[in-house]
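Observations on chain architecture
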Amino acid sequence: MATITRKSVDVVIVGGGWAGSIMAKELTEAGQHVVMLERGGERSTASDGAYPGSLDELEGNFRFKIFQKLSKTTVTVRNNINQTALPYRQLAAFLPGEGVGGAGLHWSGVHLRMAPDDLTLRSTVISKYGKSFIPEGMNLQDYGVTYAELEPYFDKAEKVFGTSGEAYKVQGKIVGNGNAFAPDRSDDFPLPPLKDVTGAHLFRKAAAEAGYHPYSIPAANASRQYTNPYGAQMGPCNFCGYCSGYACYMYSKASPNVNILPALRKNPLFELRSNATVLHVTLDSTKSRATGVIYLDEKGDEIIQPAELVILAAFQFNNVHLMLVSGIGKPYDPVSNTGVVGRNFVYQNISTTTAWLDPSVYTSQFIGTGGGGVAFDDFNSENFDHGPQGFIGGSPVWVNQAGVKAIAAAKAGGPPGTPRWGSAWKSGMIDTYKHAVRMDAHGSNMAYRDVFLDLDPTWKDAFGRPLLRMTFDWKDNDIRMNRYVVSKIANVTKAMGARRTHLGMKEFGQPFDTRFYQTTHLGGGAVMGNDPQTSAINRYLQCWDVSNVFVIGSNAFPQGTGYNPTGMVAALAYWSAHHIRTTYLKNPGPLVPA
Amino acid sequence: MLSPPLSRRRFIQALSSATALTACTWLARSPKAAPQASAYTPTFFTPEEWRFLHAACDRLIPEDANGPGAVELGVPEFIDRQMATPYAHGALWYMQAPHVAGPANLGYQLPYTPRDIYRRGIAGARKLARQTHNAEFADLDADTRDSVLTVLETGDLQFDDLPASTFFGHLLGNTQEGAFSDPIHGGNKGLGGWAMTGFPGARADFMDWVDQYGRQYPLGSVSISGETI
C-alpha cells in the first residue's frame, strides 16, 4: 500500500451524484480543472440499465444492486442519548446509493421546488403564530436564502433534468391547472405532465370532489423526447415500472449519468476517478484552509490529492461524517447545546394509506413512473392555518406509483389483520395487488436539540474510521401533524368509492424503527444559515471555518420538509456554483464574514 | 409488516395446540404429508434440510384455488441457489463485531449470515417438531406443520441465541422472493407466481395501457429469458 501524491488540481469534488456532477459542470465551465472522486464503481445505462437483464426485481430491490454496500461502512442508530447505538447492519429504513450517479441513479424522479414559506419557516411561524408557538427543544431555523433568490436555479435544474409538469403561475399569470399553492415561476416546465396511472386518475377526481386542489407531481421522468441544455438526450417514459432502484433503460429518468456526465466526460478539464474512497479532507496548520483530500484507490494505495477548492458532494450523512473525521467545523454537543456539525439532523415523516376498490376495477400497480402522480398540497407547508392545530409542518398527499412489482406485492401482503402466509395471505395479497390504491402523506420532520449526528465510540468502518452515529426518534409535534393530515384522506377514499380504507398513521410512542423502509430523504447535520452559532455552512454552502470547502447536499436543510429533496439540492448546487464562479474564484475567501 | 409482540400466554397456547395434534398420529403419517423433492440436487442443504425446506415452503405458500404453491414454483431450488450468492454469505450486511443485543427496532445484530441462519434454524425447527410431535417436521400433516410454523413465527423461542422468529422471517422472505422473482433465479417456475398476481414481469412497456383506466391488463407475463405465458 503505497502513498502517492498526485498533481495539484483546482477543484476536487467528493461524490459523483447530482450535487457533484452539477458542481463539476459549472466549475469546468468556469475553466477550472476538476477531479471528481466517487467511492463506488462506474455506472451507465448501457451496462446497469440493459434491457431486459436489468428488469430483475430480486437484484434491483432486494439484493440492492445499485445501492450502498454496508459491508464496508454504515451508521449506528439509537433513539435517544441514553441508549447504546447499534449498527444499521442491513439496508431497510433508508437506502443510500453508491457508484457513479450516486442516489441520483436509483432515485424515482419527484422533482419539486421548496415552498417559499419552508425556506423562512422560523420567521414565518413567529410572524403568524408568535414565538411561543415553537415547542421547547425544537431548533426551528430559516435557510438564509429566499425563494426569489433560488428561482433561477430551480428553473435551470428543471431544464437540465427534463422535468415534466404543469405550471400554475408563470410570471404572475395563471397559465394552467398546476399546484395552486406553488409559487410564481419565471418559465413553464420544459415538458408537459406525464399521463396519470389508474390510481392517480381516480385520486385526482376524488381529491377535487373532496374540495382539495390536485395537481400533477413535477417529475424528472420525460413525458416526451427531450434534449437538455448540455445536449443530453432523454426518451419518453413508457411507464415500465422499473424506476426506483434501477438505471432507467429508456433514458427517461433524469440521472447524473444521463443528463450531465456525458457532457463532462468529453471535457479535458474534467476527470472522474471511480473506486476512490475519500478518507478525509486535509487541512493546513491553521485548520482554516483545506489543502486537498486523501483517498484510497482501487488497489488500496493512499492517494494525496492537493486542491485549491474542496467540494463535499457525497450523500447527506457522508458529508457530515467527512466534516467530523476531518475536523471541519465545531462538532455539535447536545448537552451544552454548542457546536454545529451534526446539529439539526432530520428525516421525513411518511405514512401510507391504502384504499381497496371494487373488484371490477384493476389498478395495475405494476404500471408506474417514478416521479409522476397526483398530489394535493392543501395540508403542506403554510398552506393551512396551524394555529388551531398546535403543530408545525405539513405533508403533501399523493398517489406516486413508481411501479409495484410482484415480490414487493407479496411482502406487502393483504389488508391489516391478514395472516403473513398461507392461503388467506395469498387471497388478501392478490386482491390488494389487483384492486388497491396506495396514497402517501409525505410529511415534514422538524429539528430538535436531542436529535443529532456524531461519531460512534465503538464501531468502525472498513477503513478504520469511527462510524457516524444517528440519535433519532419521532416527536409528538410531527406525529400530530401526520395524524391530522392523514385524517383528511378519509374524504378522498370515500369519494373514490373504496370498499375498504386503511388510514396509515404514525402512532404516539412508537420509536423510529430501522427495519422497515420509510424513505432515503435524510437531511440536515451540516445546515446552512446566517448565524455561525446555529449553522455549519453559510447561505452559499461554504464552511464558516474553512472557506475553501463547500458542502452541497440535503445536509444543508435546517429542517425536513414535505417535499422530496433532490429539486432543492440541485437548485442549491447551482446557487452555490453561481457564487463561486462570480465571486469566490475572483477573490477566494469567506463569502460572508463570520 | 410488524407483528405484534407475542405474549407468553399466546406462545404457550400455540405450543399446546401443536402438542394436542400429536395425538393424531395417523394424520402425521398420512401419505399426503410432505411433497416430493424436485429433480434438482441441492448444493447447500443436506437431504434432511432439503426435506424440511420443501415441507415448510409448501405451507407458507400452499397450492390452492388461487394458484400454485411454493414447491410447484421451485422455491426450494431458488433458496438453495441463493445460498451460493454473496447475499447468503453476509456480503451485503455490515458484519463487524462487536455484536451486541438491543431493542428489536434497531434491527438485526447477530453475527450469522443467511447460510448460518438456515443451518441453525432448520436444526432448531426439526428438533422442535421431534420434541412436540415425536416426528420429523417433513412427516407431519399440513395442519401440524402450520402449528409448528406458527410457533416459529410468533413465539419467543430461541435456537441458542438465534430467535426462531428471525429464522422464520428469512424463510418466509426468501420463499416469497422465490415464488415471485424472475425464473432466472430458479423459482417462479412456468411464471406461475406472476400469472397468479397478474404481474407482467419484464414486459416493461405500458405506453398504450397507462390510461386504460381500471381495465385488466390483457397480455401475459414475460421473463428476462423470453419465457411467456
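Model, not experiment: these values are computed from the prediction. (Residues numbered from 1 in each chain as written. Chains lettered and ligands numbered in written order. Predicted model: local features only at pLDDT ≥ 70, side-chain atom pairs only at ≥ 80, totals over all residues. Heavy atoms only, no water.)

Points about the side chain of Gln141(A)
Which entries qualify depends on this criterion: Helix and strand definitions here come from DSSP, where helices need a minimum of 4 consecutive H or I residues and strands a minimum of 2 consecutive E residues; each element is numbered from the N-terminal end. Any two residues whose heavy atoms approach within 4.5 Å at even a single point are treated as in contact.
Looking at the secondary structure, you find Gln141(A) in the loop between α6 (121-129) and α7 (147-161). If sequence neighbours within four positions are ignored, Gln141(A) has contacts with Leu121(A), Arg122(A), Arg343(A), Asn344(A), Val527(A), Thr534(A), Pro558(A) and Gln559(A).

Some words on helix α5 (residues 114-133) of chain B
Owing to its 3.6 residues per turn, the α-helix aligns residues three or four sequence positions apart on the same side. Residues and elements named next belong to chain B. Our working definition: Between the first and last residue of a helix there are one fewer steps than residues, each counted as 1.5 Å, and that sum is the expected span. Relative accessibility decides the category of a residue: with a 1.4 Å probe and only protein chains considered, values under 20% of the type maximum give buried, values over 50% give exposed, and everything between is partly exposed.
Taking 1.5 Å of rise per residue, the 20 residues of α5 would be expected to cover 28 Å, and the 27 Å separating its terminal C-alpha atoms lies within 8% of that figure. Within α5, burial applies to Pro114, Ile117, Tyr118, Gly121, Ile122, Gly124, Ala125, Arg126, Leu128, Ala129, Thr132 and His133. The first or second residue beyond α5 is Asn134, which carries a positive phi of 60°.

Quick word on the interface of chain B and chain A
Rules: The buried area of a pairing is the accessible area, by a 1.4 Å probe, that goes missing from both parts when the two are put together, added over both. Basic side-chain nitrogens of Lys or Arg form a salt bridge, by our definition, when they fall within 4 Å of a carboxyl oxygen of Asp or Glu. Each polar contact in these results corresponds to two N or O atoms within 3.5 Å; when the atoms are within protein, one needs to be able to donate a hydrogen and the other to accept it, and residues that are neighboring in sequence are counted only if both atoms are side-chain atoms. As a working rule, the residues Ala, Val, Leu, Ile, Met, Phe, Trp, Tyr, Cys and Pro are called nonpolar, Asp, Glu, Lys and Arg charged, and the rest polar, with Gly in that last group.
At the junction of the two partners, chain B supplies 72 residues and chain A supplies 71 residues. Counting the surface lost from both chain B and chain A, the interface buries some 6,100 Å², and carbon and sulfur atoms represent 59% of this. We note a salt bridge from Glu177(B) to Arg63(A), for which the minimum N-O separation is 2.7 Å. Across the chain B-chain A interface, the total number found is 38 residue pairs in polar contact (both at pLDDT 80 or more). Those elements that provide at least two residues to the side of chain B that touches chain A are α3 (47-60), α4 (75-82), α6 (142-154), α7 (164-180) and α8 (192-197) of chain B. In terms of residues, the side of chain B that touches chain A owes the most to one element, α7(B), which gives 7 residues. Class assignment for the residues of the side of chain B that touches chain A results in 39 nonpolar, 23 polar and 10 charged.

Examining the pattern of salt bridges
Oppositely charged side chains can pair when the atoms bearing their charge come close. Using the criterion set out here, one finds 38 salt bridges over all chains in the structure. Note that Arg483(A) and Glu507(A) form a salt bridge whose closest N and O atoms lie 3.5 Å from each other. One end of the pair, Arg483(A), is in helix α14 (residues 476-487); the other, Glu507(A), is in the loop between β22 (500-502) and β23 (523-524), and 24 residues separate them in sequence. The closest approach of N and O atoms between Arg51(B) and Asp139(B), which form a salt bridge, is 2.6 Å. In this pair, Arg51(B) sits in helix α3 while Asp139(B) sits in the loop between α5 and α6, placing the two residues 88 residues apart along the sequence. In this structure Arg51(B) comes out as partly exposed when scored by relative accessible area, which is 39%. In the salt-bridge network here, residues are joined through shared partners; they are Lys25(A), Glu26(A), Glu29(A), Lys156(A) and Arg581(A).

Looking at the packing of aromatic side chains
So the rule is basically this: Each aromatic pair joins two rings of Phe, Tyr and Trp (for Trp, the six-membered one) with centres within 6.5 Å, and gets the label stacked for planes under 30 degrees apart, edge-to-face for over 60, and tilted for any other angle.
All chains considered together, the criterion is met by 49 aromatic pairs over all chains. Ring centres of Tyr347(A) and Phe512(A) lie 5.6 Å apart, and the angle between their planes is 80°; this geometry places the pair in the edge-to-face category. Of this pair, Tyr347(A) sits in the loop between β15 (345-346) and β16 (349-356) while Phe512(A) is found in the loop between β22 and β23, placing the two residues 165 residues apart along the sequence. With relative accessibility at 2%, the residue Tyr347(A) sits in the buried group. Consider the rings of Trp425(A) and Phe180(B), whose centres lie 6.4 Å apart with planes at 70°: the pair is edge-to-face. Here Trp425(A), found in helix α13 (residues 422-435), pairs with Phe180(B), found in helix α7, and the two come from separate chains. Exposure remark for Trp425(A): the relative accessible area of 1% places this residue in the buried category. Members of the aromatic cluster, each reached through a chain of ring pairs, are Tyr88(A), Phe94(A), Phe315(A), Phe317(A), Phe345(A), Tyr347(A), Phe472(A), Trp474(A) and Phe512(A).

Considering the UniProt feature "domain: FAD-binding" (unreviewed entry) in chain A
The line we're drawing: UniProt positions are given in the numbering used here, feature names are shortened, and annotations may be inferred rather than shown by experiment.
This chain's UniProt record puts "domain: FAD-binding" (unreviewed entry) on residues 9-46 of chain A. Between the end C-alpha atoms of residues 9-46 of chain A the distance is 30 Å, and the span holds 37% helix and 26% strand.

A closer look at the sheet that holds strand β19 (residues 436-443) of chain A
What holds strands together in a sheet is hydrogen bonding between their backbones, with the strands either parallel or antiparallel. Residue and element names in this part refer to chain A. Quick reminder of the rule: Two strands qualify as a pair provided that DSSP identifies no fewer than 2 bridges between them. Lines fitted to C-alpha atoms define the axes here, with helix axes fitted over just the stretch in contact, and angles between the N-to-C directions of these axes take values from 0 to 180 degrees.
Pairing is antiparallel across the open sheet formed by 6 strands, whose spatial order is β8-β17-β18-β19-β16-β22. Of all the strands in the sheet, just β8 (214-216) and β22 have a single pairing partner and so form its edges. The average undirected angle you get between the axes of adjacent strands in this sheet is 25°. Lying on the sheet, helix α8 (residues 198-209) is in contact with β8, β17 (374-376), β18 (397-399) and β19; it crosses β17 at an angle near 25°. Strand contacts of α13: β16 and β19, with the helix running at about 75° to β19, the strand carrying the most contacts.

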